[in-house]
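# Descriptive structure summary
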Amino acid sequence: MSSKINLLICFFILHLLAATNVRGRKIGIYEIKKGDFSVRITNYGARIISVLLPDKHEISVTVSCSVPGNIGDVALGYDTVKEYENDTTSFGALLGRVANRIGGAQFTLNGTLYKLIANDGANTLHGGPKGFSRVVWNVNKYEQDGPYPHITLTYHSTDGEEGFPGDVLASVTYALEDPYKLSVVMKAKALNKATPVNLAQHTYWNIGGHNSGDILSNVVQIFASHITPVDEHLIPTGEISPVKNTPYDFLKPREVGNQISKLPSGYDINYALDSTVEMKPVAIVYDKKSGRVMDLQASAPGVQFYTANSLIQKGKGGYVYQPHAALCFETQGFPDAVNHPNFPSTIVTPGKAYVHKMLYTFSIMKYWNSY
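Source: prediction; values computed, not measured.

So, on to the overall build of the chain. Along the backbone of the chain there are two helices and 32 strands. Per-residue burial over the chain gives 56% buried out of 371 residues. Taking all contacts inside the chain whose residues are at least 6 apart in sequence as the whole, residues at least 24 apart take part in 65%. Summed over all atoms, the accessible surface of the chain reaches about 15600 Å², with 53% contributed by carbon and sulfur.

Put into structure tokens, the structure is as follows:
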């Protein structure tokens, strides 16, 4: 399918989705773009719903002129807001108040036991059954194009929401800072009580194209020499273990499928990132067929590497996503940190702001031996 047809389809979907209402509050679709690079966001769950990029295959315009390749959407998702309402995968969502798992759906802070809403067996996952991904965020700023295309969304989480203490004002800014660079800046303020905060961006990436099949041949490098092992319920044990001589070792680039069979279903683990600088290298992904490369940096201490192990979901254009159809790199504080004093703290107190930055850099690499 040509890039022009792809863009027409996306334009139709954009208008189909726009101006929808959920529980009386208006939901919109917002595009930020620079040339042939565009990102679409909805304020329902502050979600990334599409990322359009060229691939390595040049398109001939005239005999003597060609332009960068076919435009493809590299983020898994849906065609309508209604599907996002019923979503159980967290496609593209901004997760909070605390992303990932909290064991036993409870924690103690300053001598008070807080009991949360369990939504993952006996545990709390991604902030609870509603979390930040199933609410309508406010649009504070929006500039579609120009020198700094961006959108800022905010959400006020009230005291006691999903069992968490205190009011929290959260925000996320998605921006295109340079050609093929997507910046994500998540912030939060505790307004009146100390509370855990751990925001994470949960886009399912397939840089070969959302409908291009599995990601097992993608080459991945993760800049972390340790993981936080988990029990049978995916709750951290409290250990921080080396990846050396295990299937979790991506310190040198290798294909995702190289050792995935040694794991019960695939990758779903938090890595403790090695660097201590503010914006640290997290991961690099390379797709041989499209030539696309995604390089991720972030300020968080960890990253959840997830390979969509049990995914079976009808998505955009009716395409059915199968297990291992995508990669997730959810930069974050360590899971269940509220119950493990040896993990970096995720507690935010009034007067001390939470800031979590991510930077995705996309590029093209035409040949495998250049990696």
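Okay, the side chain of Ser-133 next. Relative to the helices and strands, Ser-133 is located in the loop between β13 (124-125) and β14 (138-143). Residue classification places Ser-133 among the buried residues on the basis of a relative accessible area of 7%. Those residues in contact with Ser-133, other than ones at most four positions away along the chain, are Tyr-44, Gly-45, Arg-47, Ala-93, Leu-94 and Leu-95.

Tallied over the full model, the rule gives 24 aromatic pairs. Each ring, one from Trp-205 and one from Phe-362, has its centre 5.7 Å from the other, and the planes form 50°; the classification is tilted. Note that Trp-205 is positioned in the loop between β19 (200-202) and β20 (219-222) and Phe-362 in strand β32 (residues 354-364), a separation of 157 residues in sequence. With relative accessibility at 2%, the residue Trp-205 sits in the buried group. Geometry around Phe-250 places Arg-254 over its ring, the cationic atom sitting 3.8 Å from the centre.

The computed volume of the second largest pocket comes to approximately 570 Å³. Lining the second largest pocket are 27 residues, with Thr-88, Thr-89, Ser-90, Leu-125 and His-126 positioned closest to its centre. Each residue belonging to the lining of the second largest pocket can be placed in one class, and the counts come to seven nonpolar, 12 polar and eight charged.

Turning our eyes to something else, we now look at the sheet that holds strand β5 (residues 47-54). Read across the open sheet, the four strands follow the order β3-β4-β5-β8; overall the sheet is antiparallel. The sheet is open, and its two borders are formed by β3 (29-34) and β8 (71-73), each paired with just one other strand. The average angle at which neighbouring strand axes cross in this sheet is 15°, direction not considered. As paired strands, strand β4 (residues 37-42) and β5 are joined by five bridges and run antiparallel to one another. By the bridge assignment, Ile-41 is partnered in β5 with Ile-48.

A separate point is the UniProt feature "binding site: beta-D-galactose" (unreviewed entry) in the chain. Sites flagged by UniProt as "binding site: beta-D-galactose" (unreviewed entry) map to Asn-100, Arg-101, His-202, Thr-203, Tyr-204 and Asp-268. The annotated residues named above include Asn-100, Arg-101, His-202, Tyr-204 and Asp-268 as those lining the second largest pocket. His-202 sits in the buried class, given a relative accessible area of 3%. If we skip the residues at most four places from it in the chain, His-202 touches Thr-89, Ser-90, Phe-91, Gly-92, Ala-93, Leu-95, His-126, Cys-328 and Glu-330. Of note is the side chain of His-202, whose polar atom sits 3.4 Å from the backbone oxygen of Ser-90. Secondary-structure assignment places Tyr-204 in the loop between β19 and β20. Setting aside residues up to four positions removed in sequence, Tyr-204 forms contacts with Val-74, Ala-75, Leu-76, Thr-89, Ser-90, Phe-91, Tyr-306, Ala-308, Ala-326, Leu-327 and Cys-328.

Let's shift gears to the UniProt feature "active site" (unreviewed entry) in the chain. Residues annotated by UniProt as "active site" (unreviewed entry) correspond here to His-202 and Glu-330. Considering the C-alpha atoms alone, the annotated residues occupy 129 residues of sequence yet fold into one spot, their largest mutual distance being 5.9 Å. Among the annotated residues just listed, those that line the second largest pocket are His-202 and Glu-330. With respect to the helices and strands, the residue His-202 is situated in strand β19. The topology assignment puts Glu-330 in strand β30 (residues 328-332). Among residues more than four places away in sequence, those in contact with Glu-330 are Leu-95, His-126, Ala-200, Gln-201, His-202, Gly-302, Val-303, Gln-304 and Tyr-306. Among the polar contacts listed, one links the side chain of Glu-330 to the side chain of His-202, at a separation of 3.4 Å.

Definitions and cut-offs
Along each chain, residues carry numbers from 1 onward, in the same order as the chain's sequence is written. Note on the predicted model: pLDDT of at least 70 is required for a residue's local features to be given, and 80 or more for side-chain atom pairs to be given and counted; whole-chain, interface and lining totals, by contrast, use all residues. Hydrogens and water molecules were not included; the side-chain quantities draw on all heavy atoms of the structure. Helix and strand definitions here come from DSSP, where helices need a minimum of 4 consecutive H or I residues and strands a minimum of 2 consecutive E residues; each element is numbered from the N-terminal end. Note on classification: 1.4 Å probe, protein chains only; a residue is buried when its accessible area is under 20% of the maximum for its type, exposed when over 50%, partly exposed between these limits. The contact criterion used throughout is that any non-hydrogen atoms of two residues lie within 4.5 Å. Working definition of accessibility: Shrake-Rupley area with a 1.4 Å probe, residue cover restricted to the visible protein chains. Side-chain rings of Phe, Tyr and Trp (the six-membered ring for Trp) are treated as a pair once their centres are within 6.5 Å; stacked means planes under 30 degrees apart, edge-to-face means over 60, and tilted covers the remaining angles. Any Lys NZ or Arg CZ that is within 6 Å of a ring centre and within 35 degrees of that ring's normal is treated as a charge sitting over the ring. The definitions used throughout rest on a 1 Å grid laid over the protein atoms alone, on which a cavity is an enclosed set of points accommodating a 1.4 Å probe that cannot get out and a pocket is an open set flanked by protein within 12 Å on both sides along at least five of seven lines; lining residues are those having an atom within 4 Å of a point. Grid points are joined across faces, edges and corners, and a volume is the space filled by probe spheres set on the points. In this classification, Asp, Glu, Lys and Arg are treated as charged, Ala, Val, Leu, Ile, Met, Phe, Trp, Tyr, Cys and Pro as nonpolar, and every other residue, Gly included, as polar. Pairing between strands requires that DSSP locate at least two bridges from one strand to the other. The axes are straight lines fitted to the C-alpha atoms, using for helices just the contacting stretch, and the angles between their N-to-C directions are given from 0 to 180°. UniProt positions are given in the numbering used here, feature names are shortened, and annotations may be inferred rather than shown by experiment. Here a polar contact is taken to be a pair of N or O atoms separated by no more than 3.5 Å, where protein atoms must pair a possible hydrogen donor with a possible acceptor and residues adjacent in sequence count only if both atoms sit in side chains.

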